[in-house]
Amino acid sequence: MHEETSAQDLVDPFGRTVRDLRISVTDRCNFRCQYCMPAEGMQWLPREEILSFEEIERFARICIQTFGFNGIRLTGGEPLVRAHLPELVQRLARLGVDVALTTNGATLRLHASALADAGLKRINISLDSLQKERFLELTRRDELDRVLDGIDAAIDAGLSPVKINAVMMRGINDDEIIDFAEFGREKGVTVRFIEFMPLEAGDIWNEGLVVPAQEIIETIDQVIPLEPVVRGNEPAERWRYSDGNGEVGVIASVTKPFCGNCDRVRLTAEGQFRTCLFAVDEFDMRALLRSEVGDDAVAKAISDAVGTKWAGHAIGQVNFIRPKRTMSQIGG
Ligand code: SAM
Ligand code: SF4
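A few points on the structure. (Residues numbered from 1 in each chain as written. Chains lettered and ligands numbered in written order. Predicted model: local features only at pLDDT ≥ 70, side-chain atom pairs only at ≥ 80, totals over all residues. Heavy atoms only, no water.)

**Points about the overall build of the protein chain**
Counting its regular elements, the protein chain contains 10 helices and 12 strands. By the compact-globule yardstick of 20 Å for 332 residues, the protein chain fits well, its C-alpha radius of gyration being 19 Å. Overall size of the protein chain, expressed as C-alpha extent along the three principal axes, is 60 × 45 × 45 Å. A sequence separation of at least 24 residues applies to 72% of the contacts in the protein chain between residues at least 6 apart. (Helix = DSSP H or I, 4+ residues; strand = E, 2+ residues; numbered from the N terminus. Rg over C-alpha atoms; globule rule 2.2 N^0.38 Å. Contact = heavy atoms within 4.5 Å.)

**Re helix α5 (residues 144-156)**
Between the first and last C-alpha of α5 there are 18 Å, a value that for 13 residues agrees with the 18 Å anticipated at 1.5 Å per step. Of all the positions in α5, only L144, V147, G150, I151, A153 and A154 are classed as buried. Close packing links the buried residues of α5 with α3 (108-118), β4 (122-126), α4 (132-139), β5 (162-168) and α6 (177-187). Downstream of α5 by a residue or two, G158 has a phi angle that is positive, lying close to 85°. (Expected span 1.5 Å × (residues − 1). Buried < 20%, exposed > 50% of the residue type's maximum accessible area, 1.4 Å probe, protein only.)

**Observations concerning the nonpolar core**
Within the largest apolar cluster, 101 residues are counted, with the highest numbers of intra-cluster contacts made by F59, L74, F193, I220 and I302. With eight residues, the top contributor of residues to this core is helix α1 (residues 53-67). Not counting the four nearest positions on each side in its chain, F193 is found in contact with A166, M168, I177, F180, A181, I216, I220, V248, G249, V250 and I251. (Core = buried A, V, L, I, M, F, W, Y, C linked by side-chain atoms within 4.5 Å.)

**Points about the packing of aromatic side chains**
For the structure on display, the rule yields four aromatic pairs. Aromatic side chains Y35 and F196 sit 5.9 Å apart centroid to centroid with 50° between the ring planes, which places their arrangement in the tilted category. One end of the pair, Y35, is in the loop between β1 (20-24) and α1; the other, F196, is in the loop between β6 (190-195) and α7 (213-223), and 161 residues separate them in sequence. Residue F196 is classed as buried on the basis of its relative accessible area, which comes to 2%. Aromatic pair F180 and F193: ring centres 6.2 Å apart, planes at 85°, arrangement edge-to-face. Taken together, the residues span a long stretch of sequence, with F180 in helix α6 and F193 in strand β6 at a distance of 13 residues. Like F180, the residue F193 is buried in the burial classification. (Phe/Tyr/Trp six-rings, centres within 6.5 Å; stacked < 30°, edge-to-face > 60°.)

**Here we look at the site of ligand 2**
What surrounds ligand 2 is a group of eight residues, the closest being C29, C33, C36, G77 and N104. Counted by class, the shell around ligand 2 contains five nonpolar, three polar and no charged residues. (Near = heavy atom within 4 Å. Nonpolar A, V, L, I, M, F, W, Y, C, P; charged D, E, K, R; others polar.)

**Some points on the pairing of β1**
Burial of β1 is extensive: five of the five residues sit out of reach of the surface. Burial along β1 is two-sided: the residues D20, R22 and S24 and L21 and I23 are all buried. Strand direction decides the pairing type here: β1 and strand β2 (residues 71-75), joined by five bridges, are parallel. Among the inter-strand pairings, D20 is bridged to a residue of β2, identified as G71. Regarding the hand of the β-α-β motif, the stretch spanning β1, α1 and β2 is right-handed. As judged from the four bridges shared by β1 and strand β10 (residues 264-267), these two strands associate in the parallel manner. Among the inter-strand pairings, R22 is bridged to a residue of β10, identified as R266. (Pairing = 2+ DSSP bridges. Right-handed = clockwise from strand over helix to strand, strands pointing away.)

**Points about the packing of helix α2 (residues 85-93) against α3**
Packed helices, taken two at a time, are described by their axes: the angle between them and the distance between them. As a packed pair, α2 and α3 sit with axes 8 Å apart at the nearest point and diverge in direction by 20°. By the criterion of interaxial angle, the relationship of α2 to α3 is roughly parallel. Note on packing geometry: the crossing formed by α2 with α3 is right-handed. Between α2 and α3, the residues in contact are L85, P86, V89, Q90 and A93 and A114, L115 and A118, respectively. (Axes fitted to C-alpha atoms, helices over the stretch in contact; angles between N-to-C directions. Parallel < 35°, antiparallel > 145°, perpendicular 65-115°, else oblique. Left-handed = near helix turned anticlockwise from the far one by under 90°.)

As structure tokens, then:
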């Protein structure tokens, strides 16, 4: 039975209302993307340190019922390596919230219809190259064909929208911008180009590797004309193709950060709460969830943590501190 409760907005010190929760369900992954994990020697969290589905569901319910959160995205690591993920999707969808997933797509053919049946709506599939050899070099796995098939499986299962996330890196894959745009138009999916951020494991990031979103749009516009779409409260700047065949997005996390509109918080696989991808502080929600305290105490801890949310990251500025953890450990 649904109990009617009146949620109160969770507003941070800069007046932004927090409504979006990213949950990492595992730190493990079946890929070893150059910018995210080392080739060998990742230390995985022991199973007992990872939040159970019950713990995740309780935390999500508190966010939704107490603070009116309206979106949850599951991520990782690779979320599809966590067993029985559709069961978690179903538990969260029942809370009446929009549930989305970010995946590398490698095993999506096996799971897409179960995820759709469980109530998943939106899916983002990460893909940084459409070339077999380059894909292997970037991810250290020869899985391009399976990822492409996973994209088809998501479309076949009726997941919508299906978006492709492509991180662009200068001199590494930025010669594929037009190929990606054409791929998206052919498949009827939105490609979103993402600027490379300083979070990676291999310490390869430098500003010279960032391909500015503006340049990506200009490159596409010269070949396939574009028109801007009025931007909502979202990190992606959206453009539509002038011939009416689809949309493309850019996420300018480095050159034009969207921190001013940020409505996100994150929960890592082991239950650490973060108010920013680049935050240096974490708040131990697992300790609370595994103690005797009630939902009110958890809600207070969430509210207190959000009270420390900062104005924004400072990538490229002298006071920027690179987080000690990689994207796979935080939950991208
Ligand atoms: N394994 C899933 C995947 O790859 O989609 C989900 C987790 S992954 C950490 C989430 C997203 O973070 C991916 O789209 C990946 O490309 C992106 N990512 C990882 N490291 C990044 C970095 N340094 N800069 C920009 N994006 C990054
Ligand atoms: Fe795995 Fe995603 Fe990180 Fe690649 S980006 S290593 S697929 S978690």
